[in-house]
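# Observations on the three-dimensional arrangement
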Amino acid sequence: MIVFQHMAAALYLAAGVGAILGLVLPAPKVLHGARWGLALGALAQGAAFGTLHRLEAAPALTDLGQAIGIMGWLGVLFTLALLSRFRLSGFVPPLAFVGFLSAFGATLSSSNVSSRPLAPSADVFGSIPHAHVLLASAGIAALGIAALAGFFFLLEHRSLKTRRRVSGWLSLPLPSLETLDRVNRLTLILGFPLLTLGVLTGSLWLYSSSGLLFSGSLHEAWTIIAWMIYMGLVALRFGRHQGARQAAASAVAGFSFLVFAVVGVGLVT
Amino acid sequence: MKILLLGMNHRTAPVEVRERFAVAESGPLLRKLIDRPEIEEAVLLSTCNRVEVVVMTNNLDAAQHALMEFFSRELAEGALPAGKALSQLTYLRHGREAIEHVFRVASAIDSMVVGEPQILGQVKDAYRDATEVGACGAVLSRLYQRAFATAKRVKNETGIAERPVSVARVAVDLAKQIFESLEEKSALLIGAGEMIEAALVALDDHGLGHRRIANRTAAHAEELARRFGGSAHGLDELDDLLLETDVVLSCVGGDQVVLTRERVEAALASRQRGRSRPLFLIDIGVPRNIDPAVHELDSAYLYDLDDLQGVAVANVEERRRESERAQRIVIEEREHFDGWLVALQAVPTIRDLRQRAEGIRQAEVERYAGRIGLDANQREALEKLTRGIVNKVMHAPISRLRDETDREMGLARLEEVRHLFALDDMTADAAEVDVETDSLRATAKRGVTKSGSDSDSDGDHAGDLETSS
């Protein structure tokens with residue numbers, strides 16, 4: 001499994017560097033190669049997760065490193081799906097680096113399996129905790145892409161409003177505002193229900209272990225707040241009350257809060 | 001073997017002068033040029049911004065004179081502008097400067113609009129025309145092939161041609177920053193004057209979807225709609241039209257603002273249905289037709305003529321910056337070509353050097369064989385022995401001459417070798433040798449004839465190109 005994770009990390013890194021070179025030079029063939037690198041990286045990482053349950057000392061998906069690995073992997077998969085429909089070359093470098101960090105993080109996590117409690121191999125994909133991790137990770141990954149689209153939208157919008165091109169590394173060719181807005185909308189439609197299911201399965205997991213639906217931990221409290229914020233954003237977005245720029249800014253702010261709620265609170269406490 | 005270039009361009013001569021020198025058909029003129037003994041090969045480039053003749057010559061001074069004469073007699077037909085000497089209107093380059101200039105022109109670094117794409121096609125046409133009339137030989141063919149390769153490198157490795165520099169292209173580029181595809185978008189053109197007509201022609205090129213033309217005088221709008229396709233409307237329908245429009249282009253006379261902030265804001269509010277629908281407005285009217293405050297609205301992006309020109313000027317500046325990178329590529333390629341040219345010029349020197357050594361060997365063998373009275377076997381042994389000595393002695397200098405011709409000092413070294421071994425004075429060498437056969441003298445004379453008076457010259461060596469390089 002670790003070999004696959006290493007392969008995935010190397011492929012993602014190569015794809016990220018290739019995509020930056022392809023965009024900066026510009027070299028369409030290198031950019032095309034970077035897309036393939038991203039796809040092969042996702043394949044290798046998928047193979048790593050596929051072999052997870054075969055390990056005698058398999059790390060649980062609920063382990064933070066593995067969960068982040070899954071989150072990154074799903075983010076790359078969503079991006080690959082979007083790339084087939086939209087011109088989103090600018091998405092390849094950040095997603096490739098997210099993929100690299102997630103694969104690399106999962107590698108570290110996997111190499112320390114003996115020091116943590118082990119999950120029974122039969123339960124790896126079948127248990128509520130793992131359903132919670134998979135659904136929440138998918139939701140966070142989709143909302144992460146929405147935030148990335150929002151961030152790029154704000155950059156492009158600013159460049160058009162100031163009538164100046166953005167300089168430096170941010171001057172990489174970006175997709176059109178319309179495309180970014182559509183991606184934001186699509187990923188919000190996909191991400192919010194997945195996040196909701198993730199929150200529900202999390203509550204079920206808690207209920208099955210302690211008989212409570214809400215234990216009052218900081219992680220749960222902040223996650224519920226993040227979910228409510230997203231519910232508000234969805235209502236605003238689809239209730240005709242929000243323009244594209246506000247939606248983009250909301251996606252960035254919402255995701256920042258979500259990351260803090262899911263990862264940051266855990267790290268702080 | 002020298003490359004010489006004479007030309008005039010937008011920097012050296014105004015358009016009314018350039019147009020006098022412009023050439024419609026280069027074939028007959030090129031034939032006249034290469035019929036002259038001092039010109040071996042020639043290429044003539046004539047565009048609206050430049051007229052240039054590039055030649056390969058063995059006699060630089062004579063070729064320079066011939067080109068000046070060609071410009072004044074054949075191109076200007078003897079009618080030079082009053083008070084201006086031809087030398088004031090033209091530039092002359094030779095050797096490395098000429099090579100660099102050709103590369104710069106093909107790469108659009110020397111163009112009025114840096115990075116413009118047309119020039120490469122024009123240079124290719126000029127090269128093709130020269131090839132068709134047999135005016136382009138091995139050297140200029142190689143020069144132009146390298147020029148095309150350089151242009152390709154410059155295009156691929158720099159951003160020299162990336163950013164648009166015309167107002168129309170800037171507008172299209174901005175539209176592409178906003179919309180995913182222009183084909184499904186609809187345009188509203190306010191006005192029916194010449195600018196709107198020109199815009200309609202440009203829209204045809206970029207495939208913008210449906211067009212609506214709104215004008216005070218409906219008849220004018222109908223006329224344009226009939227000619228270019230689309231529908232005609234009055235200005236009183238603007239509010240409704242804005243609901244279904246993605247791109248607004250306005251150029252209408254009069255002092256009053258046609259689209260106010262309130263009007264556009266109301267339209268934007270009505271057309272947002274969960275999904276944001278941006279509006280791109282281009283105001284090329286003077287005075288402006290659209291309230292500048294429209295740009296403050298979130299989903300509206302308003303650019304007037306000054307804004308578009310500002311972007312174009314910024315892009316020109318960006319292209320200039322990129323042209324510095326392009327210049328480095330040009331110099332790199334020039335060095336490669338120059339190395340090839342120097343190596344090409346080493347061929348006659350190496351041949352003359354071998355010939356000289358072989359001449360001495362044969363003469364010495366003849367002298368001693370005659371004195372001692374050798375039989376056939378002994379004679380053969382002596383031939384082998386002396387040939388071996390000559391080959392071994394000559395091996396190192398010839399190898400180094402070949403290797404070192406790629407360096408900057410290659411040409412100077414060739415001159416030194418020719419001087420040291422008296423390769424340009426083979427008949428004098430023959431006099432130094434006591435006994436020399438008639439055939440050897442003939443060989444030596446042939447060597448002088450081929451070398452010519454100019455040490456670099458030899459038009460017949462073109463066939464040796466690939467072996468020497």
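Criteria and thresholds
- Residues numbered from 1 in each chain as written.
- Chains lettered and ligands numbered in written order.
- Predicted model: local features only at pLDDT ≥ 70, side-chain atom pairs only at ≥ 80, totals over all residues.
- Helix = DSSP H or I, 4+ residues; strand = E, 2+ residues; numbered from the N terminus.
- Buried ≥ 20, exposed ≤ 12 C-beta atoms within 10 Å, placed from the backbone.
- Contact = placed C-beta atoms within 7 Å.
- Pairing = 2+ DSSP bridges.
- Axes fitted to C-alpha atoms, helices over the stretch in contact; angles between N-to-C directions.
- Nonpolar A, V, L, I, M, F, W, Y, C, P; charged D, E, K, R; others polar.
- Core = buried A, V, L, I, M, F, W, Y, C linked by C-beta atoms within 7 Å.
- Parallel < 35°, antiparallel > 145°, perpendicular 65-115°, else oblique.
- Left-handed = near helix turned anticlockwise from the far one by under 90°.
- Arc of directions from axis to C-beta.
- pLDDT = per-residue confidence, 0-100.
- Expected span 1.5 Å × (residues − 1).
- Bend = angle between axes of the 7 residues up to and from the residue.

This part is about the overall build of chain A. Within chain A, the secondary structure is distributed over eight helices and zero strands. Sorting the 269 residues of chain A into buried and exposed places 49% on the buried side. In chain A, of all internal contacts separated by at least 6 residues, the share reaching a separation of at least 24 is 83%.

This paragraph deals with the overall build of chain B. In terms of regular secondary structure, chain B is built from 18 helices and ten strands. Expressed as a percentage of the 469 residues in chain B, the buried residues total 38%. The contacts in chain B between residues at least 6 apart in sequence include a share of 70% that link residues at least 24 apart.

Residues and elements named next belong to chain B. Ordered in space as β2-β3-β1-β4, the four strands form an open sheet in which the pairing is antiparallel. Both outer strands of the open sheet, β2 (39–46) and β4 (91–94), are each paired with one neighbouring strand and no more. This sheet shows a mean twist of 15 degrees between the axes of neighbouring strands, independent of strand direction. In the sheet, strand β1 (residues 2–9) pairs with strand β3 (residues 50–57) via eight bridges, with the strands oriented antiparallel. Within β3, the residue paired with N9 across the bridge is R50.

For the rest of this paragraph, the subject is the interface of chain A and chain B. In this assembly, 16 residues from chain A lie in contact with 18 residues from chain B. If you tally residues by element for the side of chain A that touches chain B, the top one is helix α6 (residues 177–210) of chain A, at five residues. Along the lines of polarity and charge, the residues of the side of chain A that touches chain B split into five nonpolar, three polar and eight charged.

What follows covers the sheet that holds strand β9 (residues 279–283) of chain B. Backbone hydrogen bonds are what pair the strands of a sheet, in a parallel or an antiparallel way. Residue and element names in this part refer to chain B. In space, the six strands of this open sheet follow the order β7-β6-β5-β8-β9-β10, with parallel pairing throughout. At either margin of the open sheet sits one strand with a lone partner, and together these are β7 (231–234) and β10 (300–304). Along the sheet, successive strands turn relative to each other by an average axial angle of 20 degrees, direction set aside. Sheet topology note: the strand β6 (residues 211–215)/β7 ladder contains four bridges and is parallel.

Core analysis: the largest hydrophobic core is formed by 121 residues, its most contacted members being Y12(A), L38(A), A146(A), A149(A), A251(A), L189(B) and L281(B). It is helix α5 (residues 128–162) of chain A that contributes the most residues to this core, 17 residues altogether. Leaving out residues up to four positions away in the same chain, L189(B) has contacts with I196(B), A199(B), L200(B), R211(B), I213(B) and L249(B). Core analysis: the next-biggest nonpolar cluster, separate from the first, contains 66 residues, I3(B), L67(B), F71(B) and L353(B) among them.

What follows concerns the pairing of strand β8 (residues 247–250) of chain B. Residues and elements named next belong to chain B. Residues V247 and L249 of β8 are buried on one face, and the alternating residues V248 and S250, pointing to the opposite face, are buried as well. Pairing geometry for strand β5 (residues 187–190) and β8, over four bridges, is parallel. Bridging from a neighbouring strand, A187 pairs with V247 of β8. Pairing geometry for β8 and β9, over four bridges, is parallel. Bridge assignment links V247 to a residue of β9, and that residue is F280.

So, on to the packing of helix α1 (residues 2–24) of chain A against helix α2 (residues 28–50) of chain A. Residue and element names in this part refer to chain A. Running from N to C, α1 and α2 cross one another at 160 degrees; their axes reach a closest spacing of 7 Å. It follows that α1 is roughly antiparallel to α2 by the angle criterion. Considering only the axes of α1 and α2, their crossing is left-handed. Looking at side-chain class alone, the contact of α1 with α2 contains 19 nonpolar, seven polar and no charged residues.

Moving on, we come to helix α15 (residues 410–420) of chain B. All names here are of chain B. Along α15, the positions that sit buried rather than exposed are G410, L414 and V417. For α15, the arc enclosing every buried residue in end-on projection is 60 degrees, short of the 170-degree limit, so these residues lie on one face. Turned more than 90 degrees off the buried face of α15, the exposed positions are A412, E416, H419 and L420. Directly beyond the C-terminal end of α15, a positive phi value near 50 degrees is found at A422.

So, about the confidence of the model for chain A. Should the pLDDT be low somewhere, the predicted coordinates at that spot are not to be read in detail. All names here are of chain A. Summarising the model, chain A shows a mean pLDDT of 82, and 84% of its residues fall at 70 or more. Of all secondary-structure elements in chain A, the lowest mean pLDDT belongs to helix α4 (residues 92–111), at 82, while α5 reaches the highest, 91. Ignoring residues within four places in sequence, the model shows residues 113–125, a span with pLDDT below 50, making 21 contacts including any to other chains.

A separate point is unusual backbone geometry. Residue and element names in this part refer to chain B. For A108, which is not glycine, the phi torsion reads 65 degrees and is therefore positive. Tracing the chain through its elements places A108 in the loop between α5 (96–106) and α6 (118–132). By C-beta crowding, A108 is classed as buried, having 25 other C-beta atoms within 10 Å.

With that settled, the discussion passes to the environment of A44(A). As for its position among the elements, A44(A) is in helix α2. Once you skip the residues sitting within four places of it in the chain, A44(A) turns out to touch F4(A), M7(A), A8(A) and L11(A).

To continue, consider helix α13 (residues 305–372) of chain B. Residues and elements named next belong to chain B. Spanning 68 residues, α13 covers 98 Å between terminal C-alpha atoms, matching the ideal 100 Å at 1.5 Å per step. E324 marks where α13 bends most, by close to 25 degrees. Just past α13, the residue G373 takes up positive phi, approximately 75 degrees.

Take the confidence of the model for chain B next. All names here are of chain B. Per-residue confidence for chain B gives a mean pLDDT of 82; residues scoring 70 or more make up 87%. Here helix α18 (residues 465–468) stands out as the least confident element of chain B, with mean pLDDT 32; α5 is the most confident, with 95. Across residues 428–469, where pLDDT falls below 50, the model places 70 contacts with residues more than four positions away in sequence or in other chains. For this predicted complex, the interface confidence reaches an ipTM of 0.81, while the overall pTM sits at 0.66.

The two faces of a sheet get side chains in turn, since along a regular strand they alternate between them. Residue and element names in this part refer to chain B. Every second residue of β5 is oriented toward a common face, with A187 and L189 on one face and L188 and I190 on the other, all of them buried. As paired elements, β5 and β6 share four bridges and run parallel to each other. Residue pairing for β6: L188 is matched across the bridge by R212.

All names here are of chain B. Across the interface, α13 lies against α15 with an axial gap of 10 Å and an inter-helix angle of 15 degrees. Taken as axis vectors, α13 and α15 run roughly parallel relative to one another. Two packed elements cross with a definite hand, and for α13 against α15 that hand is left-handed. Taking contact as the criterion, the partners of V342, Q345, A346, T349 and L353 in α13 are, on α15, G410, L411, L414, V417 and R418.

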